[in-house]
Amino acid sequence: MCGETMKKTKAFLLNTALLTATALLMRTVGLSFSVYLSAKIGTAGMGLYQLILSVYTLCVTLSTSGINLAATRMVAEALGGRREDQTHAIMRRCLSYSIFFGGCTAAALLFGADYVGNVWLADSRTVLSLRLLSLSMPFLSMSSAMAGYFTAVRRVFKNACVQVAEQVIRIVLTVAGLALTLHIGIDYACAAIIGGGTASELCSFLMTYILYRIDSRRYRVKGKQRDNRGLTKKMLGISIPVAFSAYARSGLVTIEHLLIPRGLKKSGISSDTALSAYGIIQGMALPVILFPSALLTSFAGLIVPELAERKEQGKTVQIERIVGRVFQLTLMFAICVSGIFFFFAEDFGMLLYDNADTVQFIQILAPLVPVMYLDTAVDGMLKGLGEQVSSMRYNIIDASVSVLLVWLLLPRFAIAGYLVTIYVTEMLNAFLSANRLIKVTKVPIKPCSCILGPVFAIFGGCMASQLISSALPLSALSLTLEILMTVLFYLAFLLLSRSLTKEDVRWIFSAFRG
């Protein structure tokens, strides 16, 4: 039993490492591409693009409607319960569900693009992009269901390959499209960006479907089939509560993003200045802040089948051990990232964008990193334990408070009001989610080893690395060396303060050796 557990732990860690490497690669390319776009279409163009993306986020929520989680949990539970022969029946239902919701969303956006662009976004330049956006919805939804399958069967390398190929196609098509349309206007430039994304989503679906058809053959059972009645009800029982909660939250988030430029205008600044400020925060500063969260995003997806399978098997002690370690290591990682962004904000902002406003926003948002990253990990663990409804309830509360604060604060305090909104809502969501996780698992949290020790360690690490490298000129190489030195000092201080123990290190290495 111990060998089987270690084997699963090793597979989990290797899958996490693979997905993380893929996500970091794609985020590096994506961040570089964001820098390229900001140079091509300007901060006002980035603001317009972010407005379109706010509708895209809502449409993705409507088209997927919780199917990724349903596919992941149902396939994982079937494998954990030795019911592998149900995999095909589960996925047939999930793909049918995806086609229905993805098709309805596509039709609504295609025929409602004029209304959404002119009334919701109050900018007719978005209409063409919205129409192009609608074409990707059915394919995106089915890809989401199949991605859930690959996560459940622990073969995420296939997802990783598709994601890399999709990103390459997206960039190539977008660069070609911008070369043809940039001189016409930013509305056509944004349409070129969206069109490249839509075409890449179609290619991604085709590749994922081929890989799924090949992989799923191993679960094909000949002869008498198991009674699959009840699978549709179970799928709807997982996906529909998540879907309706996601609708509410995504709708509120979309309203929030639509109110931001309008609130900034009411504060007295011009339309282009409002779009520029919005574009700098959403399209430039936040992507930098969230870049290292690729590790936690990959982990949060992979932890769902791990915890779901253990819950199905009644392994309470293993669940508590996993949750405790994840909580501790997530905070250690996030506090390290937060300190690096805070101390090296000027280097990041000037090196990437050569923009003083970006530097300011990176430094302001850096202390919020531990809260944001912890919320990502906790959200994944709650879903794995069947607490997805609680998780979505907290997300709805978070989004409701955010809309209210944006409406109240932005017309009076402009950008400062928006930053206060981000802080309040992120902290509220993280507190509610973490409190629920602790209540469900009864895992004790140690503030000294999880928070105080890492805070002092990263402060010492940043100060030490800055003293050593203060004479180096600003460059990508010097910044990389400073970050590496900071991380090494940070780990050394964690070990000295016993916030990170030899047992933690041994657990990680033994899992890979297992």
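Residues numbered from 1 in each chain as written. Predicted model: local features only at pLDDT ≥ 70, side-chain atom pairs only at ≥ 80, totals over all residues. Heavy atoms only, no water.

Asker: Just to check I follow, could you spell out the overall build of the protein chain for this structure?
Answerer: Within the protein chain, the secondary structure is distributed over 19 helices and 0 strands. A separation of at least 24 residues holds for 85% of the contacts in the protein chain among residues at least 6 apart in sequence. Split by element, the accessible area of the protein chain, about 22,500 Å² in all, is 67% carbon and sulfur. (Helix = DSSP H or I, 4+ residues; strand = E, 2+ residues; numbered from the N terminus. Contact = heavy atoms within 4.5 Å. Areas by Shrake-Rupley, 256 points an atom, 1.4 Å probe, with all protein chains shown as cover.)

Asker: I keep staring at a nonpolar patch on the surface and nothing clicks. Help me out?
Answerer: Taken together, the side chains of Ile 451, Leu 452, Val 455 and Phe 456 make up a nonpolar region of the molecular surface, amounting to roughly 390 Å² of accessible area. Examined against the element boundaries, Val 455 turns out to sit in helix 17 (residues 447-469). A relative accessible area of 39% places Val 455 in the partly exposed class. (Patch = residues over 30% accessible without salt bridge, like charges linked within 9 Å, V, L, I, M, F, W, Y side chains within 5 Å. Salt bridge = Lys/Arg side-chain N within 4 Å of Asp/Glu carboxyl O. Buried < 20%, exposed > 50% of the residue type's maximum accessible area, 1.4 Å probe, protein only.)

Asker: What's the story with the pattern of salt bridges in this structure? I'm lost.
Answerer: Two side chains of opposite charge can pair, provided their charged atoms sit close to one another. Applying the stated criterion across every chain yields a total of 8 salt bridges. In this structure, Arg 73 engages Glu 77 in a salt bridge whose closest nitrogen and oxygen atoms are separated by 3.1 Å. Of this pair, Arg 73 and Glu 77 both sit in helix 2 (residues 67-80), 4 residues apart, which is roughly one turn of that helix. Take Arg 73 and Glu 77: they sit in the same class, and that class is buried. Note that Asp 114 is salt-bridged to Arg 131, the shortest N-O span being 2.9 Å. Here Asp 114 is found in helix 3 (residues 87-120), whereas its partner Arg 131 is found in helix 4 (residues 127-134), with 17 residues between them in sequence. Judged by relative accessible area, which is 32%, Arg 131 ranks as partly exposed.

Asker: What is the right way to read the state of the cysteines from this model?
Answerer: In protein structure, a disulfide is the covalent linkage between the sulfur atoms of two cysteines. Following the criterion strictly, the structure yields 0 disulfides and no others. Note on Cys 462: no disulfide assigned, nearest cysteine sulfur contributed by Cys 336 at a separation of 7.4 Å. (Disulfide = S-S within 2.5 Å.)

Asker: How should I be thinking about the nonpolar core in this particular structure?
Answerer: Soluble globular proteins tend to bury their nonpolar side chains together. Leu 264, Ile 281, Phe 341, Ile 362 and Tyr 490 are the most contacted members of the largest nonpolar core, which totals 49 residues. With 10 residues, the single largest contributor to this core is helix 9 (residues 271-290). What Ile 362 contacts, discounting residues up to four positions off in sequence, is Ala 285, Val 288, Ile 289, Phe 341, Ala 345, Phe 348 and Gly 349. Residues Phe 101, Val 242, Ala 243 and Tyr 247 belong to the second largest nonpolar core, which totals 33 residues. (Core = buried A, V, L, I, M, F, W, Y, C linked by side-chain atoms within 4.5 Å.)

Asker: I'm lost on the side chain of Glu 166 in this one. Help?
Answerer: On the secondary structure map, Glu 166 appears in helix 6 (residues 157-181). Its relative accessible area of 13% is what places Glu 166 among the buried residues. Every residue in contact with Glu 166, bar those within four places of it in the chain, is listed here: Ser 200, Glu 201, Ser 204 and Met 207.

Asker: What's the story with the environment of Phe 342 in this structure? I'm lost.
Answerer: Mapping Phe 342 onto the fold places it in helix 11 (residues 316-343). Taking relative accessible area as the criterion, Phe 342 reaches 37% and is therefore assigned partly exposed. Each C-alpha atom of the pair Phe 342 and Val 369 lies 10.0 Å from the other, and the pair is 27 residues apart in sequence. Look past the residues within four positions of Phe 342 in its chain and what remains in contact with it is Gln 363, Ala 366 and Pro 367.

Asker: Explain the side chain of Asn 395 here, please?
Answerer: Locating Asn 395 in the fold gives a position in helix 15 (residues 388-413). Beyond its immediate stretch of four places on either side in the chain, Asn 395 contacts Arg 249, Asp 379 and Asn 429.

Asker: Whenever I open this one, the packing of aromatic side chains confuses me. Can you help?
Answerer: Aromatic rings considered in pairs are described by the distance between their centres and by the relative angle of their planes. Counted according to the given criterion, the structure contains 12 aromatic pairs. Between Phe 244 and Tyr 247, the aromatic rings sit 5.5 Å apart at their centres with planes inclined by 70 degrees, giving edge-to-face as the arrangement. A residue pair is termed a helical-turn pair when its members lie 3 or 4 positions apart in one helix, as Phe 244 and Tyr 247 do in helix 8 (residues 231-266) at 3 residues. These aromatic residues form a ring-pair network of at least three members: Tyr 97, Phe 100 and Phe 101. (Phe/Tyr/Trp six-rings, centres within 6.5 Å; stacked < 30°, edge-to-face > 60°.)

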